Amino acid sequence: MSPREASGSPLFAHQQRPYWFVGAAFGGKDDQTERFIRDHVWETNKDKAIEQVKSVQPGDRIAIKATYTRKNDVPFECNGNAVSVMAIKATGTVLANPGKGRLEVDWRACEPAREWYFYTYPETVWKILPGEDWEKDALIAFAFEDREQDIDAFRNQSKRFDTYGDKKRFGWIPFYMAMADRLLAYRDRREELLQGIRAIAEGKDYVTVLQDRNADGSSVPLTDICPFTTMALFNRGLKDENRVQLARELAAFLGVEEDVPESFEAVPTVNNQSTWFFAYADKRGPGDIEALWEVFARAIAYYANVRDASEEDRRAFCEAYDAAARVNGVGWNLSIGLYWIRPWLYPPLDSGTRRYLANANVPESLGDAFVQQDSCNAAGYLALTDVLQDRMATSAFPAHSLPMLVCAAGRCQPYTIQDI
């Protein structure tokens, strides 16, 4: 199955003409749908709309729409928020455009009207071009090909998630991001952080990661820690109840106010035997842990300004990433840690996800090459990040956010990174 087929994207790529979504009222607020269908016409007396429909041509597809908002009786949990709705009341094919805001149309009524959510437009005329982005293509397929709307794909986008997102499945996202923000304040308070972690670990036989090893092989208490290793305490191969308990206690220590997640779906975990993002003291460089804190801070800063990031912003991130990538023991874990702290932007590159990307419409230089490597440098990682953001905006790509991409890669339950 091709990525296009797998994504359910519309099969109208051959049509380059626009699709038209038009209002149901004429000369006021009364719904004229019944008359339009009966008389095989659509018309408007609004000057702006008259000008817009001058470019409509015979053969163009057209739909009558009505837009409104609703809080109740929607087929998903809207978290008490009003949802934008657009009803498709009829679809048709334009037969002629005699001008002056009047079209002759072969209509087919939608009985009952079909409701579309989130991506709506209230003005009288809405011109949609196919192939511009996945949301437009999905609307065209819904209206003209009777496809179902993938509501989860819309509500779980970063731009809608805080308001409409599925908190039961992906409530970990705001929690992890808040955890990262609070952790950043401990960059220069690491002994205090370690003391808090030791208190949390007390009496828990499943927390055994606080002992370091000297060159002579002796075991000594860990005296420094990085933020990724801190988050790895509850992102490794543990029972969910233990993960939740650790996450709750660490959140309480840090002052995180977001709800502890109910689910860890699409959250990659590190191996229990390789929880640290750095090596034991006998193989650890003097600046290794600081390098991990630096890339942690740079990644959060870059995410906050990614839309307007300058070359200097990218350079600063790349320098921090490359320094952290050289830390003994980090490997592909670095990309996993970045995904934990900002999952809307940074892709996790465990072996399974790398193999998936190599077959998911990603350029060969940014997909297949990663499968065989032990790690990637900052330039390659940022290039992949840019490509994925662009590709996820298209209909042909099988996911439209990184958490959904992780799910599409077959990782819909918590999983352990292999072959790091």
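Position labels on residues start from 1 in each chain and follow its written sequence. Note on the predicted model: pLDDT of at least 70 is required for a residue's local features to be given, and 80 or more for side-chain atom pairs to be given and counted; whole-chain, interface and lining totals, by contrast, use all residues. With hydrogens and water stripped out, all remaining heavy atoms of the structure feed into the side-chain values.

1. Remarks on the packing of aromatic side chains
Moving on, step 1. Think of it this way: a Phe, Tyr or Trp ring, Trp meaning its six-membered ring, pairs with another when their centres are within 6.5 Å, and the plane angle makes it stacked under 30 degrees, edge-to-face over 60, tilted otherwise. According to the stated counting rule, one finds 30 aromatic pairs in the structure shown.
Moving on, step 2. Their ring planes at 55° and their centres at 5.9 Å tell us that F277 and W340 sit as a pair that is tilted. Here W340 lies in helix 14 (residues 333-341) and F277 lies in the loop between strand 9 (268-269) and helix 12 (288-304), a separation of 63 residues in the sequence. Each member of the pair, F277 as well as W340, is classed as buried.
Moving on, step 3. In textbook terms, an aromatic cluster arises when at least three aromatic residues are bridged by ring pairs, as seen for Y19, F21, Y119, Y121, W126 and F144.
Moving on, step 4. As a reminder, the over-ring test applies to NZ of lysine and CZ of arginine, requiring each to be within 6 Å of the ring centre and within 35 degrees of the ring normal. Stacked on the ring of Y186, the Lys or Arg R189 has its end atom at 4.1 Å from the ring centre.
Moving on, step 5. Here the basic side chain of R243 rests over the ring of F264, its NZ or CZ set 3.9 Å away from the ring centre. Here a strand is any run of E in DSSP of at least two residues, a helix any run of H or I of at least four, and the numbering for each starts at the N terminus. We call a residue buried when its accessible area falls under 20% of the maximum for its residue type, exposed when it is over 50%, and partly exposed in between, using a 1.4 Å probe and counting protein chains only.

2. Thoughts on the environment of L388
Moving on, step 1. Relative to the assigned elements, L388 resides in helix 17 (residues 378-391).
Moving on, step 2. Taking C-alpha positions, L388 is 9.8 Å from L405, a pair spaced 17 residues apart along the chain.

3. A short note on the pattern of salt bridges
Moving on, step 1. Whenever a carboxyl oxygen of Asp or Glu lies within 4 Å of a side-chain nitrogen of Lys or Arg, that contact is scored as a salt bridge. In the structure shown here, the tally under the stated rule is 32 salt bridges.
Moving on, step 2. Notably, a salt bridge pairs D133 with K136, separated by 3.2 Å at the nearest N-O pair.
Moving on, step 3. Residue D133 is classed as buried on the basis of its relative accessible area, which comes to 18%.
Moving on, step 4. Residue classification places K136 among the buried residues on the basis of a relative accessible area of 15%.
Moving on, step 5. Across the pair D282 and R213 runs a salt bridge, and its minimum N-O distance is 3.5 Å. With D282 in the loop between strand 9 and helix 12 and R213 in strand 7 (residues 211-213), this residue pair connects regions lying 69 residues apart in the sequence.
Moving on, step 6. Residue D282 is classed as partly exposed on the basis of its relative accessible area, which comes to 30%.

4. Comments concerning the side chain of R342
Moving on, step 1. Within the secondary structure, R342 is located in the loop between helix 14 and helix 15 (351-357).
Moving on, step 2. Among the residues examined, R342 registers a relative accessible area of 5% and is labelled buried.
Moving on, step 3. Whether two residues are in contact is decided by their heavy atoms, any of which lying within 4.5 Å being enough. Excluding residues within four positions of it along the chain, R342 makes contact with M177, A180, D181, I300 and Y303.

5. Some remarks on the nonpolar core
Moving on, step 1. M179, F228, L338, W340 and I341 are the most contacted members of the largest nonpolar core, which has 85 residues in total.
Moving on, step 2. If sequence neighbours within four positions are ignored, M179 has contacts with M231, F234, A247, L250, A251, L254 and V256.
Moving on, step 3. Buried residues of nine kinds, namely Ala, Val, Leu, Ile, Met, Phe, Trp, Tyr and Cys, make up a nonpolar core once their side-chain atoms join them within 4.5 Å. Core analysis: the next-biggest nonpolar cluster, separate from the first, contains 27 residues, A63, I128, L139 and I151 among them.

6. Focus: the sheet that holds strand 3 (residues 61-70)
Moving on, step 1. Spatial strand order, 2-5-4-3-1-6: six strands in an open sheet with mixed pairing. The outermost strands of the open sheet, each flanked by one partner alone, are strand 2 (41-43) and strand 6 (125-128). If you compare each strand with its neighbour and ignore which way they point, the axes differ by 40° on average.
Moving on, step 2. Strand pairing is assigned whenever DSSP detects at least two bridges linking the two strands. As defined by bridge partners, strand 3 adjoins strand 4 (residues 83-99) across 10 bridges and the pair is classed as antiparallel. Among the inter-strand pairings, Y68 is bridged to a residue of strand 4, identified as V85.
Moving on, step 3. Fitted lines through C-alpha atoms give the axes, limited to the stretch in contact for helices. The angle between two N-to-C directions lies from 0 to 180 degrees. Strand contacts of helix 4 (residues 134-145): strand 1 (19-23), strand 3, strand 4, strand 5 (102-117) and strand 6, with the helix running at about 100° to strand 5, the strand carrying the most contacts.

7. As for helix 11 (residues 240-254)
Moving on, step 1. Multiplying 1.5 Å by the helix residue count minus one yields the expected span of that helix. Across its 15 residues, helix 11 extends 21 Å between first and last C-alpha, which sits within 8% of the 21 Å expected from 1.5 Å per residue.
Moving on, step 2. Every buried residue of helix 11 is listed here: N242, R243, V244, L246, A247, L250, A251 and L254.
Moving on, step 3. In this fold, the buried residues of helix 11 make contact with helix 8 (172-184), helix 9 (190-201), helix 10 (227-232) and strand 9.
Moving on, step 4. Just downstream of helix 11 lies G255, where phi reads positive at about 85°.

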